[in-house]
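# Coordinate analysis (summary)
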Amino acid sequence: MWALLWLLPLAWALVLAGYAKRLIALWREPAWRCPVLVIESDDWGAGVLPQAAALDALRALLGRHRDHTGRCPVMALGIVLAIADTGAIRAAAGREYLYIALDDARLTPVLAALRAGITEGVFAPQLHGMEHYWPAAVMAAAQTDKRVAAWLAGDALPRTEDLPAPLQSRWTAAAVLPSLPLSIPEINAAAADETAAFQRIFGITAQVAVPPTFVWSDAVERAWAAHGVRCIVTPGTRHEYRDAQGRPAGDGRNILNGERGQDDVLYVVRDQYFEPALGHRAEQGLAALAQQTACARPTLLETHRFNFLGESADAALHEVDRLLGKACAAYPALRFLPTQEIAAAMARRDAELIETGLHPRLRAWLARIHTVPRFAKLARLTGLALPLWLLTKWTA
Ligand SMILES: [Zn+2]
């Protein structure tokens, strides 16, 4: 029995070797010195007018909270810059795609509400896309899908959330499934158009992009980077198309904070969810903040526009308010930073925010490796958990 003990280090070595690539990547991922929270909210912009009141309510709410540096929480808003002009498309008998841009007079209340929050420093606009779909794919789908035809011929300002899910992806042609890739010239032209529209409407270059439904490609990264995008928000992996069942699909790769894509764009990871309309309460947001902070990662909380429109709006605002209040109380060192500043701090390894010391980095790494699927279980089964636990005690 005891003679077999020498096998243990061999088993540990095998486990560590099997996960070496992932473990090394986790070591390289920047470790944050303080808890960081940003609420990332997508789908705002060109679309229904009740957004204006929802944005005003959020602006007032965010302005009531402060971190210890005196800064208000920033909501990073994934902005959609245009929506189908259903009336004009109908007038053209559905033969031509036409759109209403966010700076059209018909959307004045929405743009005014966005600008008020940007001026007050509580909203940070991020590029979500010219549209939340690939227009040619929606037009093609309308030929065969009655729901899509009704969407294009329906409300004056339709909701993209009502499109079939595969069509809500912008950077793949999902009129058929599995979806088809777009050509490089199509991607380049669309990226040039949307970044120019963002610049025109907000007077700033879009530096952070959030791919709709997290479907994008190397070609999209290069096209965005050519027009000033420096950071891409990811869910910790990349999807490149919609599969035969319409689900987002990709190569299954893992993406960590601070890793780089094409032309040096920096990835940030947003894999924590806070959708009050789906039942998430402030406590879930706090649990995400606790987990991310233990791993010395910033907390990017994903929440969508739909939470703040309609019947769920008041309850959603209440949960955001509770979350921010409780977060400030529980974490005196908490920082509210917009995603763009989080990315910039990681890019330049800002010593004020990013750890350089061995102990805290090791502590973060030990917390992170427990989140690797199956690794923690294998560590327990082989007894590797014991030396890792001793290491944790040493860093504490
Ligand atoms: Zn979206």
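Residues numbered from 1 in each chain as written. Predicted model: local features only at pLDDT ≥ 70, side-chain atom pairs only at ≥ 80, totals over all residues. Heavy atoms only, no water.

## With respect to the nonpolar core
Counting 107 residues, the largest nonpolar core has Trp32, Leu81, Leu102, Trp171, Phe202, Trp224 and Phe308 as its most contacted members. The dominant element in this core, judged by the number of residues it contributes, is helix H8 (residues 184–202), at 7 residues. Once residues within four sequence positions are removed from consideration, Leu102 is found in contact with Gly45, Ala46, Ile79, Val80, Leu81, Leu107, Val110, Leu111, Leu114, Ile201 and Phe202. Listed in part, the 14 residues of the second largest apolar core include Tyr19, Trp365, Ala379 and Leu388. (Core = buried A, V, L, I, M, F, W, Y, C linked by side-chain atoms within 4.5 Å. Buried < 20%, exposed > 50% of the residue type's maximum accessible area, 1.4 Å probe, protein only. Helix = DSSP H or I, 4+ residues; strand = E, 2+ residues; numbered from the N terminus. Contact = heavy atoms within 4.5 Å.)

## Quick notes on the domain arrangement of the protein chain
Per the domain assignment, the segments making up the protein chain are domain 1 (8–31 + 359–396) and domain 2 (37–354). Computed from C-alpha atoms alone, the centre-to-centre distance between domain 1 and domain 2 is 34 Å. Surface buried jointly by domain 1 and domain 2 totals about 1000 Å² across both partners, of which 55% is contributed by carbon and sulfur atoms. Our enumeration of links across domain 1 and domain 2 arrives at 1 salt bridge. Notably, a salt bridge pairs Arg297 with Glu29, separated by 2.8 Å at the nearest N-O pair. On the surface where domain 1 and domain 2 come into contact, there are 5 residue pairs in polar contact (both at pLDDT 80 or more). Counting only elements with at least two residues in the side of domain 1 that touches domain 2, the list comes to helix H2 (20–28) and helix H13 (358–369). (Domains from an automatic or database assignment. Buried area = accessible area lost by both parts, 1.4 Å probe. Salt bridge = Lys/Arg side-chain N within 4 Å of Asp/Glu carboxyl O. Polar contact = N/O pair within 3.5 Å; in protein donor to acceptor, adjacent residues only side chain to side chain.)

## A look at the pairing of strand E1 (residues 36–45)
Most of E1 is tucked away: 10 of the 10 residues are buried. Note: E1 against strand E13 (residues 335–336), 2 bridges, orientation parallel. Counterpart to Leu37 in the pairing with E13 is Phe336. Judged from the 6 bridges that link them, E1 and strand E12 (residues 299–304) form a sheet pairing that is parallel. Among the inter-strand pairings, Leu37 is bridged to a residue of E12, identified as Thr299. Where E1 lies against strand E2 (residues 75–80), 6 bridges are found, and the strand directions are parallel. Residue pairing in the sheet places Ile39 in a bridge with Met75 of E2. On the question of chirality, the crossover connecting E1 to the parallel E2 by way of helix H3 (residues 51–62) is right-handed. (Pairing = 2+ DSSP bridges. Right-handed = clockwise from strand over helix to strand, strands pointing away.)

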